[in-house]
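So you can see what is in the structure, the chains are spelled out below.
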Amino acid sequence: EGIKVDPSLVGIVLRTVNSWSYGFGKKIESFYHACMILGFNNIYNLLMREAALTTMPITRETTRIHKHSCVISVLAFEIASLAREQQAQTIATIGLLHDLGKGVQVVMKSAHPEKADLIESLDSAKLGSALLRSWGLPERICRNVEFQQHPEFMAPDLMAPEYRREVAALHVAHAIEMLLLEKPVDPIRSIYTPDYMAVLGFANVTPADLLKNRIVPTLSKNRTPVPPDIHSIVFKPGVIPLR
């Protein structure tokens, strides 16, 4: 009800549902028709992506950060859903917002180029968490953003139980993104990856197994959650065919 009275938001939804990526035979003209096609969860994700994008100036670096965040959001949601996590939608939101701190650094360096080295050395996860907290977002989201890098050096049993599964999904999503991008995984930062896989119920399963056997089949059947600007990353020959 709130969205339909905001012309800019309605425009975003209708522009998306009528884009080439959905390929409908006729134009969708009604907001309610778009809601039925996309589903409320996908509309929520769409508007969250738009909100995250508009918080940062449009530069090559912020565009890269935004695309990365969209990929992590999609993967984290799929991982959480496969793990039967009740808060899968929240985890998708955390994925979208997890790198806002890096966007803050871009803004700070633009305003103070003489302090670029100092700004680059700041903890981007804590910067992002502080920004989200100043916006009044739930503490659960702020804490997960703050703790996102902990799995690189901390075993799951040392992680606060109330954030363990969300942070695990975020960590595994990053491991799977590296596979999609065909980039080498840093062995130092992935020491605890099997343990966080086990936290999610994927004991004795590698991120590559999860991608091939669970995530690929799911996304092949339903492409709606994947925003068009990251299709080239998620849907690619040998992983998830574009057509």
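Residues numbered from 1 in each chain as written. Predicted model: local features only at pLDDT ≥ 70, side-chain atom pairs only at ≥ 80, totals over all residues. Heavy atoms only, no water.

Structural notes on the overall build of the chain
The condition that has to hold: Helix and strand definitions follow DSSP, with helices as H or I runs of at least four residues and strands as E runs of at least two, each counted in order from the N terminus. Classification of residues uses two cut-offs on accessible area relative to the type maximum, computed with a 1.4 Å probe and protein chains only: under 20% is buried, over 50% is exposed, and between them is partly exposed. Whether two residues touch is decided by their heavy atoms; if any such pair falls within 4.5 Å, the residues are in contact. For the accessible areas, the method is Shrake-Rupley and the probe is 1.4 Å, while residue cover comes only from the protein chains on display.
Helix and strand content of the chain: 13 helices and 0 strands. The secondary structure elements of the chain, listed N-terminal to C-terminal, are α-α-α-α-α-α-α-α-α-α-α-α-α. Sorting the 243 residues of the chain into buried and exposed places 47% on the buried side. Considering only contacts within the chain whose residues lie at least 6 apart along the sequence, 59% involve residues at least 24 apart. As presented, the chain carries roughly 12700 Å² of accessible surface, and 57% of it is formed by carbon and sulfur atoms.

Considerations on helix H6 (residues 100-111)
The cut-off we apply is this: Expected helix span is computed as 1.5 Å times (number of residues minus one).
Helix length check: H6, at 12 residues, gives a terminal C-alpha distance of 17 Å against a target of 16 Å (1.5 Å per residue), a fit within 8%. In this structure, the buried side of H6 is in contact with helix H3 (40-54), helix H4 (60-82), helix H5 (88-97), helix H7 (116-120) and helix H8 (124-134).

Describing the confidence of the model for the chain
Selection rule: A residue's pLDDT is the predictor's confidence in that residue, given on a scale from 0 to 100.
On average, residues of the chain score 85 in pLDDT, and 89% of them are at 70 or above. Element-level mean pLDDT values for the chain span from 71 in helix H1 (residues 7-17) up to 96 in helix H11 (residues 193-199).

Focus: H4
Given a rise of 1.5 Å per residue, 23 residues ought to cover 33 Å, and the 33 Å separating the end C-alpha atoms of H4 matches this to within 8%. After H4 finishes, the residue Arg-84 shows a positive phi value of roughly 60°.

Overview of the packing of H3 against H5
Rules: Axis lines are fitted to C-alpha atoms, over the contacting stretch for helices. Their N-to-C directions set the angle, which ranges from 0 to 180 degrees. An angle below 35 degrees is read as roughly parallel, one above 145 as roughly antiparallel, one from 65 to 115 as roughly perpendicular, and any other as oblique. Crossing handedness is read from the near helix: turned anticlockwise from the far helix by less than a right angle, it gives a left-handed crossing, and turned clockwise, a right-handed one. Just so you know the grouping, Ala, Val, Leu, Ile, Met, Phe, Trp, Tyr, Cys and Pro go in nonpolar, Asp, Glu, Lys and Arg go in charged, and all remaining residues, Gly too, go in polar.
As a packed pair, H3 and H5 sit with axes 10 Å apart at the nearest point and diverge in direction by 20°. Our classification of the angle between H3 and H5 gives roughly parallel. Considering how the two elements wind past one another, H3 and H5 form a crossing that is right-handed. In this structure, H3 contributes Asn-41, Tyr-44, Asn-45, Met-48, Arg-49 and Ala-52 to the contact, and H5 contributes Gln-89, Ala-92, Thr-93, Leu-96 and Leu-97. Residues that form the contact of H3 with H5 fall into these classes: 6 nonpolar, 4 polar and 1 charged.

Quick word on the layout of surface pockets
By rolling a water-sized probe across the atoms, one finds the places where empty space is left. Quick reminder of the rule: Here the term cavity refers to a set of points on a 1 Å grid, laid over the protein atoms alone, in which a 1.4 Å probe fits but cannot get out; the term pocket refers to an open set having protein on both sides within 12 Å along at least five of seven lines, with lining residues being those that place an atom within 4 Å of a point. Grid points are joined across faces, edges and corners, and a volume is the space filled by probe spheres set on the points.
By volume, the largest pocket is sized at about 560 Å³. Around the largest pocket sit 21 residues that line it, and Gln-149, Glu-152, His-174, Met-178 and Arg-189 are the ones nearest its centre. At the level of secondary structure, the elements contributing two or more residues to the lining of the largest pocket comprise H8 and helix H10 (161-180). Residue contributions to the lining of the largest pocket peak at 6 residues, all from H10.

Overview of the environment of Val-205
You can see Val-205 is positioned in the loop between H11 and helix H12 (207-221). Distance in space between the C-alpha atoms of Val-205 and Pro-194 is 7.7 Å, their sequence separation being 11 residues. With near-sequence residues (within four places) excluded, Val-205 lies in contact with Met-197 and Leu-210.

Re the environment of Leu-181
Along the chain, the position of Leu-181 falls in the loop between H10 and H11. Through-space distance from the C-alpha of Leu-181 to that of Val-234 is 8.9 Å; in sequence the pair is 53 residues apart.

Looking at unusual backbone geometry
One non-glycine residue, Glu-182, adopts positive backbone phi at about 55°. Using a relative accessible area of 68% as the deciding quantity, one classes Glu-182 as exposed. Positive phi outside glycine occurs at Asn-204, with the angle close to 60°. With respect to the element layout, Asn-204 can be found in the loop between H11 and H12. Classification of Asn-204 as exposed rests on a relative accessible area of 83%.

Regarding the packing of H10 against H12
For the pair H10 and H12, the least separation of the axes is 9 Å and the interaxial angle reads 80°. With respect to each other, H10 and H12 are oriented roughly perpendicular. Every residue of H12 that contacts H10 at Val-172, Ala-175, Ile-176, Leu-179 and Leu-180 is listed here: Pro-207, Ala-208, Leu-210, Leu-211 and Ile-215. Considered class by class, the residues forming the contact of H10 with H12 number 10 nonpolar, no polar and no charged.

Some points on the nonpolar core
The nonpolar side chains of a soluble globular protein tend to be buried with one another. The cut-off we apply is this: Each nonpolar core is a collection of buried residues, namely Ala, Val, Leu, Ile, Met, Phe, Trp, Tyr and Cys, held together in the definition by side-chain atoms within 4.5 Å.
Judged by nonpolar contacts, the single largest core of 53 residues is most densely connected at Ile-79, Ile-176, Phe-202, Leu-210 and Ile-215. For Ile-176, the contacting residues outside a window of four places in its chain are Leu-75, Ile-79, Pro-207, Leu-210, Leu-211 and Ile-215. In this structure, Leu-14, Leu-38, Ile-43 and Leu-47 belong to the second largest nonpolar core, which totals 13 residues.

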